[in-house]
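Listed here are the chains, written in short residue letters.
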Amino acid sequence: MRRKLRITALFMVGGGLAIAPGCADRLPTFTDPEGFPENLIPTSIEYVLEAEDFLRSAAVYELPTNKDDFPGLVVANDFDGVLNAHVVADLGTFPDTIVYDNAVDSTFSYTSGLVSATIPDTLNVSSPQLSFYLWELVESFEADSVTWERRIDRPGNPVNWTQPGGTRGTLIGVARWDRTTANAVGDSLFWTVPALVMERLANDQAAGLLVTLEGDNERADISRLALQASIRPTARQDTTVTRPIASGEQTFIYTPEAPRPADVLRVGGLRSDRSVLRINLPTVLPGCAPQLTCPTVHPTQVSINRIDLELETVPVTGGYRPLTPGLIAMRQVLQPELGSKAPLGFYINTPLNGTGLPNVASFPNYFEDQFTAGAADRVSLVISGAAAAAYAAEETELAIALLVEPEASRFDVAWFSQRPKLRIIYTLPQTPELP
Amino acid sequence: MSAFPRFSILVAGVLGLFPIGHSLSAQSALSTRGLGVEIEPVDARARALGGGAVGLMDSEISWYNTAASVGLAVPGIIFAYQYDNYESLSGGTLTHGRAARFPLILGAFPVSERVTLTAGYGSFLDQSWRIEREDTIALAGESTVITDEISSTGGVARLRAGVAYGLRSNLSLGLSLDSYVGEVERVQGRRFPGEGSPGCCRGSYNYSGIGYGGSFQWAPSEALTLAGSASYGGTLKAGVVADTTGPRFDAGADRSYELPLQLRGGITGRVGQATMVTVGGGWNGWSGLDDLLAEQGGAQDSWSGNAGAEWEGLIVRDRPVPLRVGARMGTLPFRWGDTATAAFAEERAFSFGAGLVLAGGAARSDLAAEFGERVGDESSFSESFWRFAFSVRVLGR
């Protein structure tokens, strides 16, 4: 038995030694620059095509989405000298009775209220310090149809605001927000509502609340408003209880509508603007560096390192320029000839096959300062994966939709020139030969 | 169950875990040169004796000396494991590497008192390495860091069948036939940021070919053994394997190499009741490839010399534990550098080891450690290395 154990141990030791270096298996790599054969240094070429050489068509489509699909509320004042937006809120149903000490109290009184909202983590704000004004809204509105000019905008029965943007009553309070405040409360907005206003709201003597920004050139996204009432029971005048008030209709009204220039590609916004590019991938590429003369090669005869669409940004007007960086979703368009009804396919993947990287969707990003007046910048949309797949399938046509997801998730829009460029970076192949 | 089947199961089990003979990495920076680094398929006993694998006393299962298998009473098998670790300095750049492999698996089957058949597998050429250079190029108006890469993964091994014949009680001859096997994948290209490996270009080659060998062993007295072996590699063919996955590029061309005549010899003498001394040497005619490998610096004939001693005076629990020391030196066939002025490297090493008889003599395990250096022109290349070898011989005595 001992002999068998020894033999077994011997083999186990040998096997372990064999495995040990395999755990760190890596080819010995020599990095001495002098040791790399000069004649084997690859040649990479950057080939840029202008729009007329590859773009079949560029179109912009809108979806039937609107401000109701937007997850927040927008407030603006003279932003970019144009845009105004107010939040109008009907804060729901106030209770007729409360139960306190197991007794129903229908003659309670309001001592105050607290309206709260938050600045979402997206920090879609135009300035690091903002003051939000909460007003009593004098005239009621219909949330489904309210606009900047009309509090009810039903066909055949329009009713204008006395004061466009919502007729204001008394100023209830001002909530100041400072981006540098680094705590949870720092992202919150609070307005204290006096007892008198609470009573008016509860008795339908006030139509609701209105939130505005009053400083010049300001815009911000905020969350929905919430109201918490402080109530004094009739039987206990020394006691205050708090009750949340069920949320009612809330929306925002704005002017003007987002511009629709015909000569730009548009992405995002409340209408979920979507740009669709139909491109022809090139079938020939230069076979050598630009300063040399040589025959062309087919793209499948080279090692393609990267293919991207280069979009030139266009300043966004109307106060709809992005305030924060954004992501563009790129999806292949199936049956692009169907136009706006063409179904969307897979996301465009960045990595080329065989790179060892995860095959994840590509979401090129843009930055807010690329769309300001006077800015002319570029955004690269890497389409290497889709282009490589097309070449592998011996196809040269590619239709790509540029959009923001989820739909209507951004108030702002990104604009690009309708003359993109196609940039192909590739490396000429070598023949790995034995000595 | 007898000892033989048990050991067979163990051997098969252990060997089944690993890609036999395949290197997990390279054993020297010199694998980048010429046809790579030659791997000697020797067991740990020969390794401890300075690499002297020809002319050892008594019947042996030896890759280099098929004739030594005459006289084995029962069939046997030997396999060896080898672990290499090296550190190379070239052009001011330090490179570390390590490798593990089974360089030798060889069986011997006596069919009569005079005739023994052998069959096995031995490593031959290690061709695993990678060269990289980083650079920055301007693309899309931005500086892009790229990495150029040339890599080679694989090597050549030999499948062998041999026969040994005892002409007289103290003289035997051996003949062997080798079939070259293996493959190598070459990658040449450029990696861009985000690319794990170059998108292009890969070339794979399968090796094939037939080699021949002959050997003799003569024991003029009980205290002296002389042996010699010669092998002629024949033609090593490297055939292109079509790549249908990457870009359509030229697949490269088939290659063939006339492998050199390789000679080895050794003398072993008993100089005391428990002491044995061996000396030997070898010569390899690699210069025949000098023209073919001219762009890589060319090739030269290489030689080697070795000496070692074994002392069996140590007895532990009634079992002899042979202790061994050895040393070797020699020249290597391929230049370090692409120019004809670059130096050929020399290799020097000393070694020691021990053996252990197991299972009542049915098996013998050996251990060896070797420390050495490979030095070219000292200003351009030097490499230190150590090596651990372990082998087991089951029966075959």
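Fair warning: this is a prediction, and the values are worked out from it, not measured in the lab.

1. Focus on the packing of aromatic side chains
Step number 1: On inspection of all chains with the given rule, the structure shows 21 aromatic pairs over all chains.
Step number 2: Counting every residue linked through ring pairs, the aromatic cluster contains Phe70, Phe252, Tyr254, Tyr320 and Phe411 of chain A.
Step number 3: The lysine or arginine in question, Arg33 of chain B, covers the ring of Trp336 of chain B, its NZ or CZ lying 5.9 Å from the ring centre.
Step number 4: It is Arg160 of chain B that lies over the ring of Trp63 of chain B; its NZ or CZ is 4.0 Å from the centre.

2. Digging into unusual backbone geometry
Step number 1: In the segment running from Thr255 of chain A into Pro256 of chain A, the intervening peptide bond is cis, with an omega of 0°.
Step number 2: Tracing the backbone through its elements, the reader meets Pro256 of chain A in the loop between strand 18 (250-255) and strand 19 (264-268).
Step number 3: A cis amide bond links Glu405 of chain A to the next residue, Pro406 of chain A, at an omega of -5°.
Step number 4: Of note, Pro406 of chain A is situated in the loop between strand 29 (397-403) and strand 30 (413-417).
Step number 5: In this structure, Leu123 of chain A takes a positive phi of about 50° despite not being glycine.
Step number 6: Since its relative accessible area comes to 22%, Leu123 of chain A is described here as partly exposed.
Step number 7: Residue Asp318 of chain B is not a glycine yet carries a positive backbone phi of 65°.
Step number 8: Among the secondary structure elements, Asp318 of chain B is positioned in the loop between strand 13 (315-316) and strand 14 (319-320).

3. Side note on the side chain of Arg151 of chain A
Step number 1: Looking at where Arg151 of chain A falls in the secondary structure, it is placed in strand 10 (residues 150-154).
Step number 2: Excluding residues within four positions of it along the chain, Arg151 of chain A makes contact with Glu139, Ser140, Phe141, Glu142, Val146, Val159, Asn160 and Trp161 of chain A.

4. A few points about a negative patch on the surface
Residues and elements named next belong to chain A.
Step number 1: A cluster of acidic residues, Asp68, Asp69, Asp90, Asp144, Asp204, Glu249 and Glu407, forms a negative patch at the surface.
Step number 2: Summarising the element assignment, Asp90 is placed in the loop between strand 5 (83-89) and strand 6 (98-100).
Step number 3: Classification of Asp90 by relative accessible area gives partly exposed; the value is 33%.

5. Describing the sheet that holds strand 28 (residues 378-382) of chain A
Residue and element names in this part refer to chain A.
Step number 1: Strands sit in the order 2-31-23-28 across an open sheet of 4 strands; the sheet is antiparallel. Of all strands in the sheet, those with a lone pairing partner are strand 2 (44-49) and strand 28, marking the two edges. Looking at each pair of strands side by side, their axes are set apart by 25° on average, direction ignored.
Step number 2: By the bridge criterion, 5 bridges tie strand 23 (residues 303-312) to strand 28 in an arrangement that is antiparallel. The partner of Leu309 across the bridge, within strand 28, is Leu381.
Step number 3: Lying on the sheet, helix 4 (residues 384-392) is in contact with strand 23 and strand 28; it crosses strand 23 at an angle near 125°.

Calculation rules
- Residues numbered from 1 in each chain as written.
- Chains lettered and ligands numbered in written order.
- Predicted model: local features only at pLDDT ≥ 70, side-chain atom pairs only at ≥ 80, totals over all residues.
- Heavy atoms only, no water.
- Phe/Tyr/Trp six-rings, centres within 6.5 Å; stacked < 30°, edge-to-face > 60°.
- Lys NZ or Arg CZ within 6 Å of the ring centre and 35° of its normal.
- Helix = DSSP H or I, 4+ residues; strand = E, 2+ residues; numbered from the N terminus.
- Buried < 20%, exposed > 50% of the residue type's maximum accessible area, 1.4 Å probe, protein only.
- Contact = heavy atoms within 4.5 Å.
- Patch = residues over 30% accessible without salt bridge, like charges linked within 9 Å, V, L, I, M, F, W, Y side chains within 5 Å.
- Areas by Shrake-Rupley, 256 points an atom, 1.4 Å probe, with all protein chains shown as cover.
- Salt bridge = Lys/Arg side-chain N within 4 Å of Asp/Glu carboxyl O.
- Lys, Arg positive; Asp, Glu negative; His and termini not counted.
- Charge placed at Lys NZ, Arg CZ, Asp CG, Glu CD.
- Pairing = 2+ DSSP bridges.
- Axes fitted to C-alpha atoms, helices over the stretch in contact; angles between N-to-C directions.

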